[in-house]
Amino acid sequence: MGRNIIYKLLGALVILVAVVLWLLSIIVPDTFGFFNLAWAGLLLCGGLGLIVILQACFQPNATTMKKLKVWLGIGLLVCAVLCLVSALALDDSIVLPIIAIVIAVGIIITIFASAGKKWDEGDNHSIGYKNYHERKADEEKNNEQK
C-alpha cells in the first residue's frame, strides 16, 4: 500500500459523509432539514483542508511542496469559512477578520511544517562547499601536480 492511502481514505470519507448528509436532508427533511448545500460545502472544504494541512505537516516532502500544500489547505479553510457564513447567515463585517485569522494560522503552520527552512537551501550552505570556480581551480592544481 502507498503511503498516501490514509489521506486518500480520509478525503473519500469526508466526501461520502457530506454527500450522504445532503441526500438525507432531501429524503428526510424533518430530521436533517437543517443540512443544506452550505453545510455540505463547509464539511467538504473544512475536512479536505485539514487533511491537506496534516499531510503537509507529517509527510517528508520538499519544503516547497509542504508550503504549497499548507496554502492549498488554508485556501480550502477560507472557503469553509465562507460556507459557514452563508450557512449561519452571519453579518458580513465578521467575515474578513475570520479570514485574516485563518491566514495568520496558515503562516504559523507553514513555518512549523517547513521547520523554518527556505525553499532554496542546498549544498552551498553546507560546510566545505566549493563553487564551480573553486572546484575548477582545485582540479587544475591536481593536474599540475601529476
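In this text the structure is predicted, and so the values were computed from the model without any measurement.

(A) Molecular detail of the overall build of the protein chain. When helices and strands are counted, the protein chain shows six helices and zero strands. Along the protein chain, helices (α) and strands (β) appear in the sequence α-α-α-α-α-α when read from the amino end. A compact globule built from 146 residues would reach a C-alpha radius of gyration of about 15 Å, whereas the protein chain, at 24 Å, exceeds it by more than 25%. Each principal axis of the C-alpha distribution contributes one length, and for the protein chain these read about 90 × 45 × 15 Å. Counting all 146 residues of the protein chain, 27% fall into the buried class.

(B) Structural view of the packing of helix α3 (residues 37–58) against helix α4 (residues 63–88). Here α3 crosses α4 at 160 degrees, and the two axes come no closer than 7 Å. The angle between α3 and α4 places the two elements in the roughly antiparallel class. Like other packed secondary-structure pairs, α3 and α4 cross with a definite hand, here left-handed. Class assignment for the residues of the contact of α3 with α4 results in 21 nonpolar, six polar and two charged.

(C) Structural context of the side chain of Lys66. Tracing the backbone shows Lys66 in helix α4. Those residues in contact with Lys66 that lie beyond four places of it in its chain are Ala56, Cys57, Gln59, Asn61 and Ala113.

(D) Representation of the packing of α4 against helix α5 (residues 95–114) in the model. Running from N to C, α4 and α5 point in directions that differ by 160 degrees, and their axes come no closer than 9 Å. Here α4 lies roughly antiparallel to α5, going by the angle between them. In the packing of α4 onto α5, the handedness of the crossing is right-handed. Along its contact with α4, which presents Thr63, Lys66, Lys67, Val70, Trp71, Ile74, Leu77, Val78, Val81, Leu82 and Val85, the element α5 presents Val95, Ile98, Ile99, Val102, Ile103, Gly106, Ile107, Ile109, Thr110, Ala113 and Ser114. Classifying every residue of the contact of α4 with α5 by side-chain character gives 16 nonpolar, four polar and two charged.

(E) Fine view of the packing of aromatic side chains. Going through the model one piece at a time under the given rule, you end up with one aromatic pair. Where Phe34 meets Phe35, the ring centres are 6.3 Å apart and the plane angle is 90 degrees; that geometry is what we call edge-to-face. The exposure class assigned to Phe34 is exposed, which follows from its relative accessible area of 53%. For Phe35, a relative accessible area of 7% translates into the label buried.

(F) Just the side chain of Ser25, in detail. With respect to the element layout, Ser25 can be found in helix α1 (residues 5–27). A relative accessible area of 10% places Ser25 in the buried class. Of note is the side chain of Ser25, whose polar atom sits 2.6 Å from the backbone oxygen of Trp22. Discounting chain neighbours no more than four positions away, the residues touching Ser25 are Phe32 and Phe35.

Thresholds, definitions, all that
- Residues numbered from 1 in each chain as written.
- Predicted model: local features only at pLDDT ≥ 70, side-chain atom pairs only at ≥ 80, totals over all residues.
- Heavy atoms only, no water.
- Helix = DSSP H or I, 4+ residues; strand = E, 2+ residues; numbered from the N terminus.
- Rg over C-alpha atoms; globule rule 2.2 N^0.38 Å.
- Buried < 20%, exposed > 50% of the residue type's maximum accessible area, 1.4 Å probe, protein only.
- Axes fitted to C-alpha atoms, helices over the stretch in contact; angles between N-to-C directions.
- Parallel < 35°, antiparallel > 145°, perpendicular 65-115°, else oblique.
- Left-handed = near helix turned anticlockwise from the far one by under 90°.
- Nonpolar A, V, L, I, M, F, W, Y, C, P; charged D, E, K, R; others polar.
- Contact = heavy atoms within 4.5 Å.
- Phe/Tyr/Trp six-rings, centres within 6.5 Å; stacked < 30°, edge-to-face > 60°.
- Polar contact = N/O pair within 3.5 Å; in protein donor to acceptor, adjacent residues only side chain to side chain.

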